[in-house]
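Residue strings, one per chain:
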Amino acid sequence: MERKDLSNLCVICIICTADQGGTYQFCWQCQKPWKGSAPRSDRCGNDDCINRDLQLLQTCKSIDLPEVAGVTSCPSIRLCPTCGMKIEHSRQNCKNVICRRCHKEFCFVCLKLTAMLQDQFTIQNLPRRCSSKTDFYSGMAEKMKAIRCLILIQQEIFNRSV
């Protein structure tokens, strides 16, 4: 089964609908019959409906990156800004990491693709780095720049907590 609208967790199962003779909706996240109003991008009305990836991102420990000056608190787990794969930083070497799934290199602090950072700093071969400290904080404020559906959900959760 494939979900057409990635921002809506309420999905109609065409097989169950045909078998039961009426529309059958379920929650893509908890895989239980849909409860509550739809569409929703954060959760259904089931008490135990949670997005484990978002819960992990919200509760992961902060780390410092000793090799990167000025970064004293950064989430230990990030989502690749290209494909959304979870990545944990080893705290060794630099802040740039390469996603094992899509093979894109990005800054673990500000979540910008390394190629974008290189474009910003081509004069005199300056080292690859974040544009400023505000990039780091805006990256955290958005809670992760990730695949389409997680972007929407993460922004909603962050905005509710502010």
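Residues numbered from 1 in each chain as written. Predicted model: local features only at pLDDT ≥ 70, side-chain atom pairs only at ≥ 80, totals over all residues. Heavy atoms only, no water.

**Section: the overall build of the protein**
Logical step 1: A tally of regular secondary structure across the protein gives five helices and eight strands.
Logical step 2: For the protein, buried positions account for 36% of its 162 residues.
Logical step 3: Across the protein, every contact between residues at least 6 apart in sequence was considered, and the portion connecting residues at least 24 apart equals 38%.
Logical step 4: On the protein, roughly 10,000 Å² of surface is accessible, and the fraction owed to carbon and sulfur atoms is 51%. (Helix = DSSP H or I, 4+ residues; strand = E, 2+ residues; numbered from the N terminus. Buried < 20%, exposed > 50% of the residue type's maximum accessible area, 1.4 Å probe, protein only. Contact = heavy atoms within 4.5 Å. Areas by Shrake-Rupley, 256 points an atom, 1.4 Å probe, with all protein chains shown as cover.)

**Concerning the pattern of salt bridges**
Logical step 1: One pass over the structure, following the stated rule, counts three salt bridges.
Logical step 2: Here Asp-42 ties to Arg-40 by a salt bridge, and the two come within 2.9 Å at their closest N and O atoms.
Logical step 3: According to the relative accessible area criterion, Arg-40 is partly exposed, its value standing at 30%. (Salt bridge = Lys/Arg side-chain N within 4 Å of Asp/Glu carboxyl O.)

**Regarding the nonpolar core**
Logical step 1: Within the largest apolar cluster, 16 residues are counted, with the highest numbers of intra-cluster contacts made by Leu-65, Val-71, Cys-80, Ile-87, Phe-106 and Phe-108.
Logical step 2: Every residue in contact with Leu-65, bar those within four places of it in the chain, is listed here: Val-71, His-89, Arg-91, Lys-95 and Val-109.
Logical step 3: Leu-9, Cys-10, Cys-27 and Cys-49 belong to the second largest nonpolar core, which has seven residues in total. (Core = buried A, V, L, I, M, F, W, Y, C linked by side-chain atoms within 4.5 Å.)

**Some words on the confidence of the model for the protein**
Logical step 1: Mean pLDDT for the protein: 75, with 71% of residues reaching 70 or above.
Logical step 2: Highest mean pLDDT in the protein belongs to strand E2 (residues 25-27) (94); lowest belongs to helix H4 (residues 133-141) (40).
Logical step 3: This stretch, residues 120-129, has a pLDDT under 50; its non-local contacts, to residues over four places away or in other chains, come to 14 contacts.
Logical step 4: In the predicted structure, residues 131-148 sits below a pLDDT of 50 and forms 44 contacts with residues beyond four places in sequence or in another chain. (pLDDT = per-residue confidence, 0-100.)

**What about the state of the cysteines?**
Every disulfide links exactly two cysteines, by a covalent bond between their sulfur atoms.
Logical step 1: One pass over the structure, following the stated rule, counts zero disulfides.
Logical step 2: Considering cysteine sulfurs only, Cys-27 is the nearest to Cys-10, which forms no disulfide, with 8.2 Å between them.
Logical step 3: Given a relative accessible area of 10%, Cys-10 falls into the buried group.
Logical step 4: Lacking any disulfide linkage, Cys-44 is separated from the closest cysteine sulfur, that of Cys-49, by 3.7 Å.
Logical step 5: The exposure class of Cys-44 is buried, given its relative accessible area of 1%. (Disulfide = S-S within 2.5 Å.)

**Quick notes on the environment of Cys-30**
Logical step 1: Mapping Cys-30 onto the fold places it in the loop between E2 and helix H2 (52-59).
Logical step 2: Accessibility expressed as a relative area gives 17% for Cys-30, which makes it buried.
Logical step 3: Those residues in contact with Cys-30 that lie beyond four places of it in its chain are Cys-44, Asn-46 and Cys-49.

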